[in-house]
Amino acid sequence: QVQLVESGGGLVQAGGSLRLSCAASGRTFSRNVMGWFRQAPGKEREFVSAISWRGGTTYYADAVKVRFTMSRDNAKNTVTLQMNSLQPEDTAVYYCAVDFTFGSIRTNTDAYDYWGQGTQVTVSS
């Protein structure tokens, strides 16, 4: 059974940093694109970042580019999202997801097959 478990969320002041992790289990994910999405109250879930199966290519939403860095460790079946210079508008539930269709990075939510339960990130002003 595929499982994605996020951790690392919390409350931080504006300008601070958090590091999110996603542990995957149930099968190997080393040949799949992994993504991070977020959903703020009253808003639709939106793309944040994604990483290719080898980790050589990353793609970020314009809102987080430069501030966020995504990485993966295929040996450990984990992906991380380092978030720096956090702002109140980054407040949301952050979700890890996997795209089981082998290919290039996709940013639409319906391209991703499995999702974690999410971790709350709250940034105070």
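Let me begin by describing the structure that accompanies this report. (Residues numbered from 1 in each chain as written. Predicted model: local features only at pLDDT ≥ 70, side-chain atom pairs only at ≥ 80, totals over all residues. Heavy atoms only, no water.)

Turning next to the overall build of the chain. Looking only at helices and strands, the chain has zero helices and 11 strands in total. Starting at the N terminus and ending at the C terminus, the chain contains elements arranged as β-β-β-β-β-β-β-β-β-β-β. For a compact globule of 125 residues, the expected C-alpha radius of gyration is about 14 Å, and the chain comes in at 13 Å, within 12% of that figure. Overall, the chain is about 40 × 25 × 25 Å in size when its C-alpha atoms are taken along their principal axes. Considering only contacts within the chain whose residues lie at least 6 apart along the sequence, 60% involve residues at least 24 apart. Of the roughly 6400 Å² of accessible surface on the chain, 47% is carried by carbon and sulfur atoms. Computed over 12 positive and 10 negative side-chain charges, the inter-centroid distance for the chain is 7 Å. (Helix = DSSP H or I, 4+ residues; strand = E, 2+ residues; numbered from the N terminus. Rg over C-alpha atoms; globule rule 2.2 N^0.38 Å. Contact = heavy atoms within 4.5 Å. Areas by Shrake-Rupley, 256 points an atom, 1.4 Å probe, with all protein chains shown as cover. Lys, Arg positive; Asp, Glu negative; His and termini not counted. Charge placed at Lys NZ, Arg CZ, Asp CG, Glu CD.)

Read across the open sheet, the four strands follow the order β1-β3-β8-β7; overall the sheet is antiparallel. Taken across any chain shown, the strands that pair with only one partner, and hence form the sheet edges, are β1 (3-7) and β7 (68-73). This sheet shows a mean twist of 15° between the axes of neighbouring strands, independent of strand direction. Pairing analysis gives five bridges linking β1 to strand β3 (residues 18-25), with the strands arranged antiparallel. (Pairing = 2+ DSSP bridges. Axes fitted to C-alpha atoms, helices over the stretch in contact; angles between N-to-C directions.)

Applying the stated rule across the entire model yields eight aromatic pairs. Ring geometry for F29 against F100: centres 5.9 Å apart, planes inclined by 25°, an arrangement best described as stacked. One end of the pair, F29, is in the loop between β3 and β4 (33-39); the other, F100, is in the loop between β9 (92-99) and β10 (114-115), and 71 residues separate them in sequence. Here F100 and Y114 contribute two aromatic rings whose centre-to-centre distance is 5.5 Å and whose plane-to-plane angle is 65°, an arrangement assigned as edge-to-face. Taken together, the residues span a long stretch of sequence, with F100 in the loop between β9 and β10 and Y114 in strand β10 at a distance of 14 residues. Three or more aromatic residues joined by ring pairs make a cluster, and in this case those are F37, F47, Y59, Y112 and W115. Stacked on the ring of Y95, the Lys or Arg R45 has its end atom at 3.7 Å from the ring centre. (Phe/Tyr/Trp six-rings, centres within 6.5 Å; stacked < 30°, edge-to-face > 60°. Lys NZ or Arg CZ within 6 Å of the ring centre and 35° of its normal.)

This part takes up the nonpolar core. In terms of nonpolar packing, the biggest core is built from 35 residues, with M34, W36, L81, M83 and Y94 touching the most fellow members. Mapped onto this core, the elements with two or more residues apiece are β3, β4, β5 (46-51), β7, β8 (78-83), β9 and β11 (119-124). Per element, the largest residue contribution to this core is five residues, and it comes from β9. Those residues within four positions of L81 in sequence are excluded, and the remaining contacts are L18, R19, L20, W36, V48, S49, F68, T69, M70 and Y94. (Core = buried A, V, L, I, M, F, W, Y, C linked by side-chain atoms within 4.5 Å. Buried < 20%, exposed > 50% of the residue type's maximum accessible area, 1.4 Å probe, protein only.)

Inspection of every chain in the model, using the stated rule, returns one disulfide. C22 shares a disulfide with C96; S-S distance 2.1 Å. As the torsion about the S-S bond is roughly -75°, the C22-C96 disulfide counts as left-handed. Highlighted residues: C22 in strand β3 and C96 in strand β9, separated in sequence by 74 residues. Across this residue pair, the class does not change: C22 and C96 are buried. (Disulfide = S-S within 2.5 Å.)

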